[in-house]
Amino acid sequence: MKDSGSITESNETTETESSLRPMWREGGCMWDIIGEYKLCSPPVPKDRSNWLNPKTDRTRDQFFQHTKLPTREEYEGWPLYRQQELEAKEWDRRDNGVWFWNYGVATWIPGQYYYYLNYHRYGDEKPEYRNAHRRLYWVWALFVIPQRNCLGLFLHTRRRWGKTSIAASIGLEASSGNRNFRMGIQSKTDDDAQELFLNEVQAPFIAMQECPWFLPQTAGTNKPKSELLFDTPANRKKGAANTPDRLRGLRSKIDFRESTDTAYDSQKLNYFINDEVGKKQRFDPWARHSIVSKQFYPNGPVTGKEFAMTTSDENDDDSVAKGKEFWDKSDPALLPLRKGLARLFFPD
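Residues numbered from 1 in each chain as written. Predicted model: local features only at pLDDT ≥ 70, side-chain atom pairs only at ≥ 80, totals over all residues. Heavy atoms only, no water.

A. Local environment of helix 6 (residues 163-175). The terminal C-alpha atoms of helix 6, which comprises 13 residues, lie 18 Å apart, in line with the 18 Å expected from a rise of 1.5 Å per residue. The buried fraction of helix 6 amounts to 12 of the 13 residues, a majority that puts the element mostly inside the structure. Among all positions in helix 6, only Lys163, Ser165, Ile166, Ala167, Ala168, Ser169, Ile170, Gly171, Leu172, Glu173, Ala174 and Ser175 are buried. (Helix = DSSP H or I, 4+ residues; strand = E, 2+ residues; numbered from the N terminus. Expected span 1.5 Å × (residues − 1). Buried < 20%, exposed > 50% of the residue type's maximum accessible area, 1.4 Å probe, protein only.)

Here it is in structure tokens:
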């Protein structure tokens, strides 16, 4: 099997330089150099009937478009066979990703990015497709996840880049679609962690009520304040008729905790958001990383991943210094020792 991702021999290529380099096709796959990583897509399909858009004569007409999805009322009025067709198609895209033409370039996006674009919400708005986001998701799907000793990713960006929503969406997608999956959140303050949970986990999940084909059973309220539990409800008939079999009784959970170093000590997490690691705070975000990541490989293989992120203010020397410290400690060369993180910097 072809290795889908590797670290480039030189770490001198910056994200700005590599962003100027377009993807290229080689060996039946699309390739991209993203920061320190040379990555290739799955093979370009010969059968293009399932691509999101047809190839038109004018490349300016080739771009990502959101999938037109039915409302809940429309979906529930469909015959069963039609509901099952939609469910099968959307789960295939969520599990395997999808291809589309992007201004003349055959482009693959991972299933997590497809989920984010079509099912995450900013109020009533869906996120727009961005090539920088596609590149982040490539690193996550093609390097972070398959690398057995990789403990996760450190992402450093400008303000309002979208990283918080993306980090939360990755965790919500995994927690709401897998059994016995545990996600935790910490930030620079307790209030910041709660705000992240309410705005980027609770709110998108509430919007998910419109999509029964992706809606898991929940134990408790559908508007949780501190934790979201995907499990069989006390009233076993609650929503059972519309819940796909694969989403019943998941026993998965999302919560947030106080910002102390040891809040998740001895807690087995499959996904951990370590927010604002470059900002001044009472506790050490690298200590949080060290404590949580030890639970990622209790019996051998790494079973959890961390998404650490920050926005450094160039006018704040402490913020710049702390961001650089986390960056240096996230050296991918340490991956074989289960100490390193993949890392990405997007200045734009």
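Having seen the structure, we can now continue with the description.
B. A look at the sheet that holds strand 8 (residues 182-186). With mixed pairing, seven strands are arranged side by side in an open sheet as 9-10-8-11-12-7-13. Two strands lie at the open edges of the sheet, namely strand 9 (227-230) and strand 13 (342-346), each paired on one side alone. Each strand of the sheet is rotated relative to its neighbour by a mean of 10 degrees, with strand direction disregarded. Alignment of strand 7 (residues 152-157) against strand 12 (residues 305-311), held across six bridges, turns out to be parallel. The residue bridging Thr157 from the neighbouring strand is Thr311, located in strand 12. Running at roughly 175 degrees to strand 11 (residues 271-274), helix 8 (residues 285-293) makes contact with strand 8, strand 11 and strand 12 of the sheet. (Pairing = 2+ DSSP bridges. Axes fitted to C-alpha atoms, helices over the stretch in contact; angles between N-to-C directions. Contact = heavy atoms within 4.5 Å.)

C. Here's a closer look at the packing of helix 5 (residues 131-144) against helix 6. It is the contact of helix 5 with helix 6, at a shortest axis distance of 12 Å, that shows an interaxial angle of 40 degrees. It follows that helix 5 is oblique to helix 6 by the angle criterion. Taken as a pair, helix 5 and helix 6 cross one another with a handedness that is right-handed. Here His133, Leu136, Tyr137 and Trp140 of helix 5 come into contact with helix 6, specifically with Ile166, Ser169 and Ile170. Residues of the contact of helix 5 with helix 6, tallied by class, amount to five nonpolar, two polar and no charged. (Parallel < 35°, antiparallel > 145°, perpendicular 65-115°, else oblique. Left-handed = near helix turned anticlockwise from the far one by under 90°. Nonpolar A, V, L, I, M, F, W, Y, C, P; charged D, E, K, R; others polar.)

D. The arrangement of the nonpolar core in detail. Counting 73 residues, the largest nonpolar core has Ile185 and Phe307 as the members making the most contacts within it. The element contributing the most residues to this core is helix 5, with nine residues. Excluding residues within four positions of it along the chain, Ile185 makes contact with Ala193, Leu196, Phe197, Val201, Ile254, Asp255, Phe256, Arg257, Tyr264, Phe272 and Ile273. (Core = buried A, V, L, I, M, F, W, Y, C linked by side-chain atoms within 4.5 Å.)

E. Representation of the packing of aromatic side chains within the structure. If you walk through the whole model with that rule in mind, you get 28 aromatic pairs. Relative to Phe100, the ring of Phe64 lies with its centre 5.6 Å away and its plane at 75 degrees, an arrangement referred to as edge-to-face. Highlighted residues: Phe64 in the loop between strand 4 (37-40) and helix 2 (72-76) and Phe100 in strand 5 (residues 98-102), separated in sequence by 36 residues. Assessed through its relative accessible area of 10%, Phe64 is described here as buried. (Phe/Tyr/Trp six-rings, centres within 6.5 Å; stacked < 30°, edge-to-face > 60°.)

F. Expanded view of helix 8. Every buried residue of helix 8 is accounted for by Pro285, Trp286, Arg288, His289, Val292 and Ser293. When helix 8 is viewed along its axis, its buried side chains cluster within an angular range of 155 degrees and face the same direction. If you check the start of helix 8, you find a side-chain oxygen 3.0 Å away from the backbone N of Trp286, and it comes from Asp284. (Arc of directions from axis to C-beta. Polar contact = N/O pair within 3.5 Å; in protein donor to acceptor, adjacent residues only side chain to side chain.)

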